Amino acid sequence: MMKQRITTMVLGLAAMALSGMVSAQQDRRDVDLPDGDAKPLVEGVCTGCHRLSFITDSVGNSHEDWNKVLSTMIALPDEQLNTISSYLAEHFPKKADSYPAIIDGPVNVTFSEWLVPTLGSRPHDPIEAHDGSLW
């Protein structure tokens, strides 16, 4: 009788954990991607770590640049990497208004770089501090 209760309890906890994982992944599908053969692959791979709006709200990239970006996030077999990059380049190419603006006048810039050796440790999106510096 006691073994049956423990087994039932363990199975119940496992089911709750699994439903929470499924729910969290569904929450990451916050937008609908365009149709295409690679859509299910993109949804499955990318929502493992972040929301799909990270893709749809991005500045877009070329096929080569999507390859580079993906390679900093996750290790994929070449065929999957190429399939996902092709899909993303087709549906999310570089946006024309995302190119930097050229400004006149003197500018003082200092760059500091840090090694981030693990996949997914990809700092991005500079932010302006209150003193005008960028981080």
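All of these numbers come straight from a predicted model, not from anything done at the bench. (Residues numbered from 1 in each chain as written. Predicted model: local features only at pLDDT ≥ 70, side-chain atom pairs only at ≥ 80, totals over all residues. Heavy atoms only, no water.)

Remarks on the pattern of salt bridges
Quick reminder of the rule: Salt bridge, as used here: a side-chain nitrogen of Lys or Arg that lies within 4 Å of a carboxyl oxygen of Asp or Glu.
Evaluation of the coordinates by the stated rule reveals four salt bridges. Taken together, the shared-partner salt bridges connect E64, D65 and K68 into one network.

Considerations on the confidence of the model for the protein chain
So the rule is basically this: The pLDDT value tells you how sure the predictor is about a given residue, anywhere from 0 up to 100. Numbering of helices and strands starts at the N terminus; helices are DSSP runs of H or I of at least 4 residues and strands are runs of E of at least 2. Contacts are assigned to residue pairs with any non-hydrogen atoms lying within 4.5 Å of each other.
For the protein chain, the average pLDDT comes to 80, and 75% of its residues sit at 70 or higher. Within the protein chain, helix α5 (residues 78-91) carries the highest mean pLDDT (96), whereas helix α1 (residues 2-27) carries the lowest (51). Note on residues 18-26: pLDDT is under 50 here. Beyond four places in sequence and across chains, it has four contacts.

Focus: the side chain of S85
To be explicit about the condition: Here the term buried applies to any residue with accessible area under 20% of the maximum for its type, exposed to any over 50%, and partly exposed to those in between, with areas from a 1.4 Å probe on protein chains only.
Mapping S85 onto the fold places it in helix α5. With relative accessibility at 0%, the residue S85 sits in the buried group. Excluding residues within four positions of it along the chain, S85 makes contact with H63, W66, N67 and L70.

Some points on the packing of helix α2 (residues 39-46) against α5
How we decide: Interaxial angles span 0 to 180 degrees and are taken between N-to-C directions of axes, which are lines fitted to C-alpha atoms, for helices over the stretch in contact. An angle counts as roughly parallel when it lies under 35 degrees, as roughly antiparallel when it exceeds 145, as roughly perpendicular when it falls between 65 and 115, and as oblique in every other case. When residues are sorted by character, Ala, Val, Leu, Ile, Met, Phe, Trp, Tyr, Cys and Pro go into the nonpolar class, Asp, Glu, Lys and Arg into the charged class, and all the rest, Gly among them, into the polar class.
The N-to-C vectors of α2 and α5 enclose an angle of 110°; their axes lie 10 Å apart at closest approach. Relative to α5, the element α2 is oriented roughly perpendicular. Across the interface between the two elements, K39, L41, V42 and V45 from α2 touch Q80, T83, I84, Y87 and L88 from α5. Partitioned by chemical class, the residues of the contact of α2 with α5 number six nonpolar, two polar and one charged.

Some thoughts on the nonpolar core
For the record, the criterion: Among buried residues, the Ala, Val, Leu, Ile, Met, Phe, Trp, Tyr and Cys ones that are joined through side-chain atoms within 4.5 Å form a nonpolar core.
By size, the foremost hydrophobic cluster in this structure holds 15 residues, and its most contacted members are V42, I55, Y87, L88 and F92. Per-element tally for this core: the top contributor is α5, with five residues. With near-sequence residues (within four places) excluded, Y87 lies in contact with L33, P34, D35, G36, A38, K39, V42 and F92.

What about a nonpolar patch on the surface?
Going by this rule: For patch building, the residue pool is restricted to those with more than 30% relative accessible area and no salt bridge; the joining distance is 9 Å between like charges and 5 Å between nonpolar side chains (Val, Leu, Ile, Met, Phe, Trp, Tyr). Using a 1.4 Å probe, accessible areas were evaluated by the Shrake-Rupley method; residue-level cover was limited to the displayed protein chains.
Taken together, the side chains of I103, V107, V109 and F111 make up a nonpolar region of the molecular surface, amounting to roughly 470 Å² of accessible area. Positionally, V107 belongs in the segment after α5. Accessibility expressed as a relative area gives 52% for V107, which makes it exposed.

As for the environment of L33
Structurally, the position occupied by L33 is in the loop between α1 and α2. Separated by 22 residues in sequence, L33 and I55 have C-alpha atoms that sit 9.1 Å apart. Ignoring anything within four residues of it in the chain, the contact list for L33 reads K39, V42, E43, L52, T56, Y87 and F92.

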